[in-house]
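Summary of structural features
Okay, here's what each chain looks like letter by letter:
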Amino acid sequence: MTTMPSPVTGRPEAGPPAAGDRGLRGITARLRAQSSVLRGDRLTSEDAPFWFVTPALGWSVVLQLVWVFDDEVSIEALTAMNAALARGRLNRMLVVPDVVGARPRWVDAPDAPGLAADSRPVSDAEIDEWATAEMSSVPLDAEGGRCWRLRSVPIAGGGTVVSLCTLHVVTDGRGMLAAAAEAAAASEVPLNPVSGPATAATGVTPLPPVSWRRRRVGDLVDAGSQAVAVVTGLARAALEQRKAGGPEPDPRPVRAPIAERSPAAEFTWATATVPAADFDRVAAEHDGTANTLFIAVVSGLLRSSGHAPLPNPIKVGVPVDRRESEEDTRSNPIAGVSVYLTEEPVAGGDLGGIRATCKAAFVRLSEGRRAPHIHLRPLAWFLPPAVIVKIVSAGNGIPDAVISNLGDVPPAATVLGGRSARKVAFRGMAQGVDASAGQRFGDGVQSWLVRTRDQVTFTVLGCDETSFSSDARVADLLDRELTAWGLPHEIW
């Protein structure tokens, strides 16, 4: 593997102002930067779960976007894309304050990773293995300013595979797709060795220096705001608890701890691509939507694998994008709803029950009706990470399936260097899970779906070694489930 240095680096926070930045414009820039420190581009309570697992457990939650091209994507195009990523929303560094209660804040990374280009081709059968190995081992570190990496490999019969990996703490799936689209657009622009792609702004002004005292004040202000959020959250949690009349009972039978069911702490995988027109047709024929069909297919694996045999209910977690607009660049503006499936899903059966159950959950979310513990999230900034892990790990409330429908891939993200991707997939995992510890990432399965103009592609991650013992096992179960729904498909 060859790593090519990135021609673009992060913007420094220090250094004398340029001649053009002296005077009113320079003063304005300094005030803006210092105000930014006081407000801070800081982690939110939604980001917290993806950050505290690192100091507490040594995990890194990694997301991956994979493109498969029938044609060669030039190194020049990939280098231009890498340079655009270096200027974008992913190229940041997390600074952890020493003030209790203050949230970690983002700053520009001091430099950027270079393009990693493999020279040894892979066969079509090795594409998924290559991509999985990259996601499992890519060395990312938010506090070290390494939040992403772009890597490519040629295909033996012709073509290129491209992988973009990021840390979940820096972005969620939708944010990653948007960042990829922005960078892919730059892949068709010739790279200027001095200034980067021709479309890039060449006169980026270094951020003015901010004193330690100002940063300290910013941390103290933030800690105070989070203390207020804790008090407010406690009051709201108590109110929600009174409204609910007590915690919602979990109707599922108690299982053996996940560490006993997955002693090796290993994941298994399968990815399937279905023609989008067929996916929509089958969903409509069974009184459902593309989203409810996705939930039914993935949940069906829990039945057929023996993880949740009938009549045991299945708990499904569904992340919901809470972005207010396309300009909303928060890292993880997501909320989750949980639904219990009883007799569903039955392959080829009616999807109306799943559709109604999910709709009711989405309505509750839109009305602001959340589980009481959600309002306690600001406490995370005042508790040691190890304590948070113990609280989160207590009980049996983890969903059997977490099912993330990312929706449409922006068209710009499907073309690199003028070449259109034949397939695009999205997935995630946790690196660094210790087999000797009691914590695991997930319980039954997790799955991510993306949609291009002609295809629907989703990846299934098996978390329970008892039910999903190998990649071949997951692929076979997925193949059978899709066949039972009458869906033509390709297993990667």
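For the structure itself, look to the data block above.
Now for a quick tour of the structure. Nothing here was measured: the structure is a model prediction, and the numbers come from that model. In this convention, every chain numbers its residues from 1, walking through the sequence in written order. A pLDDT threshold of at least 70 governs which residues receive local features in this predicted model, and a stricter bar of 80 or more applies before side-chain atom pairs are shown or counted, although totals over entire chains, interfaces and linings include all residues. The side-chain numbers reported here are obtained from all heavy atoms of the structure, hydrogens and water having been left aside.

**Brief notes about the sheet that holds strand 19 (residues 490–491)**
Taken in spatial order, the seven strands of this open sheet run 12-11-13-17-18-10-19, and their pairing is mixed. Looking at which strands have only one partner, the edges of the open sheet turn out to be strand 12 (334–341) and strand 19. Pairing between strands is defined by DSSP: at least two bridges between them are needed. Think of it this way: any DSSP run of H or I at least four residues long counts as a helix, any run of E at least two long counts as a strand, and we number them from the N terminus. The pairing of strand 17 (residues 445–451) with strand 18 (residues 455–462) spans seven bridges and is antiparallel. Bridge pairing in strand 18 places Val445 opposite Gly462.

**Quick notes on the nonpolar core**
Grouped together as the largest cluster of nonpolar side chains are 68 residues, with contacts concentrated most on Trp67, Trp148, Leu164 and Leu416. Per element, the largest residue contribution to this core is eight residues, and it comes from helix 5 (residues 173–186). Trp148 has contacts with Asn82, Leu85, Ala86, Leu90, Asn91, Ala112, Pro113, Leu140, Leu164, Cys165 and Thr166, leaving out every residue within four places of it along the chain. Among the nonpolar cores identified, the runner-up in size contains 44 residues, and Ala270, Ala283, Ile295 and Val445 belong to it. Only buried Ala, Val, Leu, Ile, Met, Phe, Trp, Tyr and Cys residues count toward a nonpolar core, and they belong to the same one when joined by side-chain atoms within 4.5 Å. Any residue under 20% of the maximum accessible area for its type is buried, any over 50% is exposed, and the rest in between are partly exposed; the area is computed with a 1.4 Å probe on protein chains only. Two residues form a contact once any of their heavy atoms are found within 4.5 Å.

**What about the pattern of salt bridges?**
One side-chain nitrogen of Lys or Arg within 4 Å of one carboxyl oxygen of Asp or Glu is enough to make a salt bridge. On inspection of all chains with the given rule, the structure shows 28 salt bridges. Two residues, Asp222 and Arg103, come together in a salt bridge whose shortest N-O distance is 2.6 Å. Residue Asp222 is located in helix 6 (residues 212–244), and its partner Arg103 is located in the loop between strand 3 (92–95) and strand 4 (105–108); the two are separated by 119 residues in the primary sequence. With a relative accessible area of 4%, Asp222 lands in the buried category. The shortest N-O distance in the salt bridge between Asp118 and Arg151 comes to 2.9 Å. Taken together, the residues Asp118 in the loop between strand 5 (115–117) and helix 4 (127–137) and Arg151 in strand 6 (residues 148–154) connect sequence positions 33 residues apart. Classification of Asp118 by relative accessible area gives buried; the value is 15%.

**Comments concerning unusual backbone geometry**
Cis geometry is adopted by the peptide bond preceding Pro311, which originates at Leu310 and carries an omega value of 10°. With respect to the element layout, Pro311 can be found in the loop between helix 9 (290–304) and strand 11 (314–321). We note that Ala265 has phi near 55°; this positive angle belongs to a residue other than glycine. On the secondary structure map, Ala265 appears in the loop between helix 7 (258–261) and strand 10 (268–275). Accessibility expressed as a relative area gives 15% for Ala265, which makes it buried. In this model, Asp287 sits at a positive phi of 60°, which is unusual for a non-glycine residue. Within the secondary structure, Asp287 is located in the loop between helix 8 (276–285) and helix 9. Judged by relative accessible area, Asp287 falls into the partly exposed class, the value being 40%.

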